[in-house]
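Observations on the three-dimensional arrangement
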Amino acid sequence: QVQLVESGGGLVQAGGSLRLSCAASGRTFSSYAMGWFRQAPGKEREFVAAINWSGGYTYYADSVKGRFTISRDNAKATVYLQMNSLQPEDTAVYYCAAGPRVGTLVYEYDYWGQGTQVTVSS
């Protein structure tokens, strides 16, 4: 069992940056791949980025490639999402998730956090 708690969301102007954190409970954090997803009002939850158990492999949605960076610290049981050059279309609730392997689909992840709101003003 893994419990996930996101933090770091907020309001930022276009072009700004935010860093999201996702703290995990449980002793098996390092065995999970971690992903970030987001959901805007009226839209489906969409994949943003993922990282494998060791941090040696990362994968990004085309819409955030080159702007967002996912990383993890297994000693702290935390995964991060550094978001730069934010745009209004990045506005959404951001969720972290844990699963057995890197994937881009919601059903590939077993555990989810409660989400943190990111709002980018123009």
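Up top is the structure these notes are about.
Residues numbered from 1 in each chain as written. Predicted model: local features only at pLDDT ≥ 70, side-chain atom pairs only at ≥ 80, totals over all residues. Heavy atoms only, no water.

**Points about the overall build of the protein**
Going by this rule: Per the convention used, a helix needs a DSSP run of H or I reaching at least four residues, while a strand needs a run of E reaching at least two, with both numbered from the N terminus. We compute the radius of gyration over the C-alpha atoms and compare it with the globule rule, which gives 2.2 Å times the number of residues raised to the power 0.38. Relative accessibility thresholds used throughout: buried, under 20% of the residue-type maximum; exposed, over 50%; partly exposed, between the two (1.4 Å probe, protein chains only). Contacts: residue pairs with any heavy atoms within 4.5 Å of one another. Each accessible area is a Shrake-Rupley estimate made with a 1.4 Å probe; only the visible protein chains count as cover when residues are assessed. The charge count includes Lys and Arg as positive and Asp and Glu as negative, but it does not include His or the ends of the chains. For this purpose, a charge sits on NZ of Lys, CZ of Arg, CG of Asp or CD of Glu.
Secondary structure assignment for the protein yields zero helices and 11 strands. The secondary structure elements of the protein, listed N-terminal to C-terminal, are β-β-β-β-β-β-β-β-β-β-β. Here the protein has a C-alpha radius of gyration of 13 Å; the compact-globule value for 122 residues is 14 Å, and the two agree. Along the first, second and third principal axes, the C-alpha set of the protein runs to 40 × 25 × 25 Å. A burial count over the protein gives 45% of its 122 residues as buried. Nonlocal contacts in the protein, meaning residues at least 24 apart in sequence, comprise 57% of its contacts between residues at least 6 apart. When the accessible surface of the protein is summed, it comes to about 6,200 Å², and 48% of that surface belongs to carbon and sulfur atoms. Side chains of the protein carry 10 positive and 9 negative charges; the gap between the two charge centres is 6 Å.

**Digging into the nonpolar core**
Put simply, the rule is: For the purposes of this section, nonpolar cores are sets of buried Ala, Val, Leu, Ile, Met, Phe, Trp, Tyr and Cys residues that join through side-chain atoms within 4.5 Å.
Counting 36 residues, the largest nonpolar core has M34, W36, L81, M83 and Y94 as the members making the most contacts within it. Secondary-structure elements contributing two or more residues to this core are strand 3 (18-24), strand 4 (33-39), strand 5 (46-51), strand 7 (68-73), strand 8 (78-83), strand 9 (92-99) and strand 11 (116-121). Once residues within four sequence positions are removed from consideration, L81 is found in contact with L18, R19, L20, W36, V48, A49, F68, T69, I70 and Y94.

**Considering the pairing of strand 4**
For clarity, the cut-off: When DSSP finds at least two bridges between two strands, those strands are taken to pair.
In terms of burial, strand 4 is a largely internal element, six of the seven residues being buried. Inspection of the sheet shows strand 4 paired to strand 5 by five bridges, in the antiparallel sense. Along strand 5, the bridge assignment pairs F37 with F47. The hairpin formed by strand 4 and strand 5 contains six residues between the paired strands, and G42 there has a positive phi angle of roughly 75°.

**A look at the environment of Y32**
Mapped onto the elements, Y32 comes out in the loop between strand 3 and strand 4. A C-alpha to C-alpha distance of 11 Å links Y32 and A50, two positions 18 residues apart in sequence. In this structure, Y32 is in contact with V2, N52, W53, R72, A98, G99 and Y111, ignoring residues within four places of it in sequence.

**Regarding the packing of aromatic side chains**
Under the convention used in this document: Stacked, edge-to-face and tilted are the three classes for Phe, Tyr and Trp ring pairs, Trp counted by its six-membered ring, which pair at centre distances within 6.5 Å; planes under 30 degrees apart are stacked, over 60 edge-to-face, the rest tilted. For a ring to carry a charge above it, either NZ of a lysine or CZ of an arginine must fall within 6 Å of the ring centroid while also lying within 35 degrees of the normal to the ring plane.
Within the structure shown, the criterion is met by six aromatic pairs. Their ring planes at 85° and their centres at 5.9 Å tell us that Y32 and Y111 sit as a pair that is edge-to-face. Pair noted here: Y32 is in the loop between strand 3 and strand 4 and Y111 is in strand 10 (residues 111-112), with a separation of 79 residues, a long-range link. You can call Y32 buried: its relative accessible area is 15%. Here Y109 and W112 contribute two aromatic rings whose centre-to-centre distance is 6.3 Å and whose plane-to-plane angle is 70°, an arrangement assigned as edge-to-face. Its relative accessible area of 4% is what places Y109 among the buried residues. Feature note: the residues F37, F47, Y59, Y109 and W112 constitute an aromatic cluster, connected by ring pairs. Across from the ring centre of Y95, 3.7 Å away, lies the NZ or CZ of R45, which sits over that ring. Here the guanidinium or amino end of R45 rests over the ring plane of W112, the centre of that ring lying 5.0 Å away.

None of this, on its own, says anything about what the molecule does.
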